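Coordinate inspection notes
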Amino acid sequence: MSLPTPVLETDRLRLRPFDDADADDLYALQSDAHVLRYWDSAPWTDRASVARFMAGCRQMADEGSGARVAIERTSDRSFIGWSTFNGWNPGFRSASLGYCLGQSAWGHGYATEAARVLLQWAFDTLDLNRVQAEADTRNAASARVLVKLGFRHEGTLREDCIVDGVVSDSAVYGLLRRDWLG
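As the structure is a prediction and not an experimental result, all values here were calculated from the model. (Residues numbered from 1 in each chain as written. Predicted model: local features only at pLDDT ≥ 70, side-chain atom pairs only at ≥ 80, totals over all residues. Heavy atoms only, no water.)

1. Quick notes on the layout of surface pockets
Estimated volume of the largest pocket: approximately 1,200 Å³. Residue lining of the largest pocket: 47 residues in total, with Trp-39, Tyr-99, Cys-100, Asn-139 and Ser-142 positioned closest to the centre. Elements represented by at least two residues in the lining of the largest pocket include exactly β4 (79-89), β5 (94-101), α3 (110-125), β6 (130-136), α4 (140-148), β7 (152-163) and β8 (166-176). Tallying contributions element by element places α4 first for the lining of the largest pocket, with seven residues. Tallied by class, residues from the lining of the largest pocket come to 23 nonpolar, 15 polar and nine charged. Along its surface, the second largest pocket is lined by 14 residues, and Leu-36, Arg-37, Tyr-38, Trp-39 and Val-163 are the ones closest to its centre. Residues of the lining of the second largest pocket, tallied by class, amount to eight nonpolar, two polar and four charged. (1 Å grid on protein atoms, 1.4 Å probe; cavity = no way out; pocket = protein on both sides within 12 Å on 5 of 7 lines; lining within 4 Å. Points joined across faces, edges and corners; volume = space filled by probe spheres on them. Helix = DSSP H or I, 4+ residues; strand = E, 2+ residues; numbered from the N terminus. Nonpolar A, V, L, I, M, F, W, Y, C, P; charged D, E, K, R; others polar.)

Here's what the structure looks like:
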């Protein structure tokens, strides 16, 4: 079953399917070591990663396993990051949320705004009961975003990531339909 990637809009943002014109901006974002310092994979070092990412977007849509969207500012149509719902399990009515925004977009509420509209779409379209998100325990900004959206800290996965020899823990957050603030 396919799941068409949505186009969603807020006052300041447009979330949309990725296209080939995003390649340079996506590579710049995913190769930025500072942006990815709390990520579960190393920064990209080769441009072939862009093609793999884009293929993954199409595969998620074709298989109906989730949706990954580019985030752009409506005022200037600039690419500021991306967000994803993946691991959709219709039987369990659950999925996982993720997002990555460029450093220039930090501190403006864009992550919360983008995640909120994507969560609303997911609860409505996928009939979710539960959404899970994980964040490196050192990433206080991401934790704040999740808490603002109504997620609750449910536990910690100890030493679950090793990226370039650095071992880190992940905080697990959950959001239930009945707790969704919309």
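2. Comments concerning the packing of aromatic side chains
For any pair of aromatic rings, geometry is given as the distance between the ring centres together with the angle between the planes. Counting across every chain of the model gives seven aromatic pairs. Ring geometry for Phe-18 and Phe-79: centres 6.1 Å apart, planes at 55°, overall tilted. Here Phe-79 lies in strand β4 and Phe-18 lies in the loop between β2 (13-16) and α1 (23-30), a separation of 61 residues in the sequence. For Phe-18, a relative accessible area of 13% corresponds to the buried category. Taking relative accessible area as the criterion, Phe-79 reaches 14% and is therefore assigned buried. Centre to centre, the rings of Trp-39 and Trp-82 are 5.9 Å apart; their planes meet at 75°, and the pair counts as edge-to-face. Here Trp-39 is found in the loop between α1 and α2 (48-63), whereas its partner Trp-82 is found in strand β4, with 43 residues between them in sequence. One aromatic cluster in this structure is built from Phe-18, Tyr-27, Trp-39, Trp-44, Phe-53, Phe-79 and Trp-82. Residue placement shows Arg-47 over the ring face of Tyr-27; its charged tip is 4.7 Å from the ring centre. Positioned over the ring face of Phe-53 is Arg-68, at 4.3 Å from the centre of the ring. (Phe/Tyr/Trp six-rings, centres within 6.5 Å; stacked < 30°, edge-to-face > 60°. Buried < 20%, exposed > 50% of the residue type's maximum accessible area, 1.4 Å probe, protein only. Lys NZ or Arg CZ within 6 Å of the ring centre and 35° of its normal.)

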